[in-house]
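# Topology and contacts: notes
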Amino acid sequence: MSKNWIWITGADGHVGSALKKLLPGNGYHLLCTNQTDVDVTHAADVQLYADMNRPVAIINCAALSNPALCEQNPEQAYNVNALGARNLAVAANRVGACLIQMSTDDVFGNQGTTPYNEFDPMPVPNSIYGKSKLAGERYVSYLCARHIIIRSSWVYGTGSDFVDTFLRAGDELKVANNEIAVPTSAKELAKVILSLLGSSNYGTYHAVCTGGPVTRYEYAEMLKKLTGKDIHLVPVLGDGSERPSYSVLDNMMLRISGMEEPKDWKEALSEFLTECGFHPTL
Ligand SMILES: NC(=O)c1ccc[n+]([C@@H]2O[C@H](COP(=O)([O-])OP(=O)(O)OC[C@H]3O[C@@H](n4cnc5c(N)ncnc54)[C@H](OP(=O)(O)O)[C@@H]3O)[C@@H](O)[C@H]2O)c1
């Protein structure tokens, strides 16, 4: 098999879809699988697929990424987010592939008040989503020699997310004004993945848009401004059980590695809305 085959799991989600647009034009050949093709919780299937295709890298975008669903189905959350990552780590290590494991700001709990960098003490998540994703990170770092973990936050793109919720909302939308993080487009995140692919800059990276942080309410206000949508935003208090109230990531590893950080969150959002057919002005 060619040197440049990359296996993307969970390829139909936000990040997988952005990678499918970006990577082919940059010399990579893709093996894209969804849950029907290869369920990452089935260790033997994961191993067989890796043995047959021998990718040089695996980008694990498969996840149970909805925090509320994770609270309702904790066993499924741990199965996909932790054991799925374990299965891919074992398979990647066996075929000598680099595993790029996608992770989240939700691995940090409610304890912080200043931006987290990659060298901050190991986080203590509150939610099932955060705990299961942190367990996945640990399996990857123990079991796969060549690994890169990328944490991001408030990712939007193709699929169900906060931008989609805003665009589909009627006259009124209740929005938490006590959740603080950085909105990040799947496209900007895919660019960071591209810059790390094929490098030997192993380790954990934070990759969020610059220009933040914002409250979710401020994020909604920017969406209102950029789309011109006539909607009444109602500030509410989130209870912090599913999402941390403060989960601001600092891209320190990108900076000290001399790598480009994602663009300003407002510009990335404006670009995305333009692609959706809006005519935003910042
Ligand atoms: N979205 C965010 O705000 C955000 C923020 C930070 C980090 N992340 C992380 O970034 C990564 C990608 O997130 P995303 O937003 O692209 O997620 P997403 O849109 O929910 O996509 C996840 C994909 O994984 C698939 N999947 C679920 N269970 C699977 C299984 N057992 N085997 C194989 N595939 C399975 C899903 O397929 P079905 O739809 O068919 O179930 C879906 O296509 C995840 O690791 C996530 O934790 C996301």
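All values reported here derive from a predicted model rather than from experimental measurement.

## Thoughts on the side chain of Ser-185
Assignment of secondary structure puts Ser-185 in strand S9 (residues 184-185). Taking the relative accessible area as the measure of exposure, Ser-185 reaches 5% and is therefore buried. What Ser-185 contacts, discounting residues up to four positions off in sequence, is Tyr-156, Cys-209 and Ala-268.

## Things to note about the packing of helix H8 (residues 216-227) against helix H10 (residues 265-275)
The interhelical angle for the contact between H8 and H10, taken along N-to-C directions, is 45°, at an axis separation of 11 Å. With respect to H10, the element H8 is oriented oblique. Judged by the twist between their axes, the crossing of H8 over H10 is right-handed. Residues Glu-218, Tyr-219, Met-222, Leu-223, Leu-226 and Thr-227 of H8 pack against Trp-265, Lys-266, Leu-269, Ser-270 and Leu-273 of H10.

## Some words on the environment of Val-95
Note on placement: Val-95 falls in helix H4 (residues 74-95). Distance in space between the C-alpha atoms of Val-95 and Pro-55 is 7.8 Å, their sequence separation being 40 residues. With residues up to four places along the chain from it excluded, the contact list for Val-95 reads Ala-50, Asp-51, Arg-54 and Pro-55.

## So, the packing of aromatic side chains
Applying the stated criterion across every chain yields a total of 7 aromatic pairs. When the centroid spacing of 5.3 Å and the interplanar angle of 70° are considered together, the rings of Tyr-156 and Phe-272 count as edge-to-face. Separated by 116 residues along the polypeptide, Tyr-156 in strand S6 (residues 155-156) and Phe-272 in helix H10 bring together distant segments of the chain. The exposure class of Tyr-156 is buried, given its relative accessible area of 1%. On the basis of relative accessibility, which here comes to 17%, the residue Phe-272 falls in the buried class. Ring pairs connect the aromatic residues Trp-154, Phe-162, Tyr-219 and Trp-265, which therefore count as one cluster. The ring centre of Trp-154 lies 4.2 Å from the NZ or CZ of Arg-216, which sits over that ring.

## Topic: the pattern of salt bridges
Tallying each qualifying case throughout the model produces 14 salt bridges. Linked through salt bridges whose partners overlap, the residues forming this network are Lys-187, Glu-188, Lys-191, Lys-263, Glu-271 and Glu-275.

Cut-offs and rules
Residues take numbers from 1 onward in each chain, read along the sequence in its written order. A pLDDT threshold of at least 70 governs which residues receive local features in this predicted model, and a stricter bar of 80 or more applies before side-chain atom pairs are shown or counted, although totals over entire chains, interfaces and linings include all residues. Computation of side-chain values covers all heavy atoms of the structure but excludes hydrogens and water. Each helix corresponds to a stretch of at least 4 residues labelled H or I by DSSP, and each strand to a stretch of at least 2 residues labelled E; elements are numbered beginning at the N terminus. Only protein chains enter the area calculation, which uses a 1.4 Å probe; residues under 20% of their type maximum are buried, those over 50% are exposed, and those in between are partly exposed. Here, residues are in contact when the closest pair of their heavy atoms is within 4.5 Å. To get an axis, fit a line to the C-alpha atoms, keeping to the stretch in contact for a helix; angles then go from 0 to 180 degrees between the N-to-C directions. Throughout this description, any angle smaller than 35 degrees is read as roughly parallel, any larger than 145 degrees as roughly antiparallel, any in the 65 to 115 degree range as roughly perpendicular, and the remainder as oblique. Rotating anticlockwise by less than a right angle from the far helix to the near helix defines a left-handed crossing, while the corresponding clockwise rotation defines a right-handed one. Here is the rule: rings of Phe, Tyr and Trp (six-membered ring for Trp) pair when centre to centre is within 6.5 Å. Planes less than 30 degrees apart are stacked, more than 60 are edge-to-face, and the remainder are tilted. As a reminder, the over-ring test applies to NZ of lysine and CZ of arginine, requiring each to be within 6 Å of the ring centre and within 35 degrees of the ring normal. By definition, a salt bridge exists where a carboxyl oxygen of Asp or Glu is found within 4 Å of a side-chain nitrogen of Lys or Arg.

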